[in-house]
Amino acid sequence: STITAFVSIVMLAIVSCLSSTLSKSMTYEFISGIGVLEGIGIMGMFIPLMNVLFFKLPKRLENDASGFFNLVRCLANSFAASLAASMIARNQQISFHDLSTHVSHYARGYQRWDQTLSILPQTIKAALAQAIILQQTYLISFLDLFYFCGIGMLLFAWIVFLMKAPKPSSSAVMPIE
């Protein structure tokens, strides 16, 4: 089960790094494949984890342990969601200011883009440029977060080898009665 958890975490890391290559032109099959691999990786990580947590637990404590495990999982999800939101917001601000420095009347790319929209007033062109920059910053910040999570999972994948493996004679996580 330790090997399964390790392989699953590494698979999640690879899928997360693959997610950092997404763009608006990706095919539905590629995105669906990434989602399926991510689901398999999460399943392969949590099932061995549950086995390790419950393998020596007396039957009378299984309900309490399950509730505590779910509480910790929910708290960790909340923490991770708020951390991800903070990282995305910070990265959006950095990316917005970085991309905005390249939009000026002196930049060649902006001049070419400005000429293609010559019939529009300057205020509308400025609003369009800002909307395009915002769209790009959202994309960049999410892709950077996927990459950061993938690298983080690769760095911490070895932790599963510190878990004690259940004995082959131990019962399943959810015994059928």
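Look above for the structure.
These figures come from a predicted structure and were not determined experimentally.

Quick notes on the packing of aromatic side chains
Now for step 1: Using the criterion set out here, one finds 1 aromatic pair in the structure.
Now for step 2: Judged by centre distance (5.7 Å) and plane angle (45°), the ring pair of Tyr110 and Trp113 falls under tilted. On the criterion of helical spacing, the pair formed by Tyr110 and Trp113 is a turn pair, its members being 3 residues apart in helix H4 (residues 108-116).
Now for step 3: By relative accessible area, Tyr110 is classed as buried at 10%.

Describing the pattern of salt bridges
Now for step 1: All told, the structure shown has 1 salt bridge when counted by the stated rule.
Now for step 2: Between Lys125 and Asp114 there is a salt bridge, and its shortest N-O distance comes to 2.8 Å. Placement of Lys125 in helix H5 (residues 122-156) and of Asp114 in helix H4 is noted, with a sequence separation of 11 residues between them. The residues Lys125 and Asp114 share a single accessibility class, namely buried.

Quick look at helix H2 (residues 28-54)
Now for step 1: Helix length check: H2 (27 residues) gives 39 Å between terminal C-alpha atoms against 39 Å at 1.5 Å per residue, within 8%.
Now for step 2: Within the span of H2, buried status applies to Ile34, Gly41, Gly44, Pro48, Met50, Val52 and Phe54.
Now for step 3: Looking at the packing, one finds that the buried side of H2 touches helix H1 (2-19) and helix H3 (62-100).

Looking at the side chain of Ser19
Now for step 1: Summarising the element assignment, Ser19 is placed in helix H1.
Now for step 2: Looking at Ser19, the relative accessible area reads 8%, which means it is buried.
Now for step 3: Leaving out residues up to four positions away in the same chain, Ser19 has contacts with Ile34, Leu143 and Phe146.

With respect to the layout of surface pockets
Now for step 1: Space inside the largest pocket adds up to approximately 1200 Å³.
Now for step 2: If you trace the largest pocket, you find 37 residues lining it, with Met45, Asn77, Ala80, Cys149 and Met153 closest to the centre.
Now for step 3: With 11 residues, H3 is the single largest residue contributor to the lining of the largest pocket.

Concerning the environment of Tyr147
Now for step 1: Within the secondary structure, Tyr147 is located in helix H5.
Now for step 2: On the accessibility criterion, Tyr147 (46% relative accessible area) is partly exposed.
Now for step 3: Counting along the chain gives 90 residues from Tyr147 to Leu57, while the straight-line C-alpha distance between them is 37 Å.
Now for step 4: Among residues more than four places away in sequence, those in contact with Tyr147 are Ser16, Cys17 and Ser20.

Notes on the packing of H2 against H3
Now for step 1: Between H2 and H3, the shortest axis-to-axis distance is 11 Å and the interhelical angle comes to 135°. Between H2 and H3, the angle is such that the two are oblique. The interaxial crossing formed by H2 with H3 has right-handed handedness. Between H2 and H3, the contacting residues are Phe46, Leu49, Met50, Leu53 and Phe54 on the first element and Glu62, Ala65, Ser66, Phe69 and Arg73 on the second.

A look at the packing of H3 against H5
Now for step 1: At a closest axis distance of 8 Å, the pairing of H3 and H5 adopts a crossing angle of 135°. As far as their axial angle goes, H5 and H3 are oblique. The way H3 lies across H5 gives a crossing that is right-handed. The segment H3 lies against H5, with Ala84, Met87, Ile88, Asn91, Gln92, Ser95, Phe96, Leu99 and Ser100 engaging Gln130, Ile133, Leu134, Gln136, Thr137, Tyr138, Ile140, Ser141, Phe142, Asp144, Leu145 and Phe148.
Now for step 2: Considered class by class, the residues forming the contact of H3 with H5 number 12 nonpolar, 8 polar and 1 charged.

Reading the values: rules and limits
Residues numbered from 1 in each chain as written. Predicted model: local features only at pLDDT ≥ 70, side-chain atom pairs only at ≥ 80, totals over all residues. Heavy atoms only, no water. Phe/Tyr/Trp six-rings, centres within 6.5 Å; stacked < 30°, edge-to-face > 60°. Helix = DSSP H or I, 4+ residues; strand = E, 2+ residues; numbered from the N terminus. Buried < 20%, exposed > 50% of the residue type's maximum accessible area, 1.4 Å probe, protein only. Salt bridge = Lys/Arg side-chain N within 4 Å of Asp/Glu carboxyl O. Expected span 1.5 Å × (residues − 1). Contact = heavy atoms within 4.5 Å. 1 Å grid on protein atoms, 1.4 Å probe; cavity = no way out; pocket = protein on both sides within 12 Å on 5 of 7 lines; lining within 4 Å. Points joined across faces, edges and corners; volume = space filled by probe spheres on them. Axes fitted to C-alpha atoms, helices over the stretch in contact; angles between N-to-C directions. Parallel < 35°, antiparallel > 145°, perpendicular 65-115°, else oblique. Left-handed = near helix turned anticlockwise from the far one by under 90°. Nonpolar A, V, L, I, M, F, W, Y, C, P; charged D, E, K, R; others polar.

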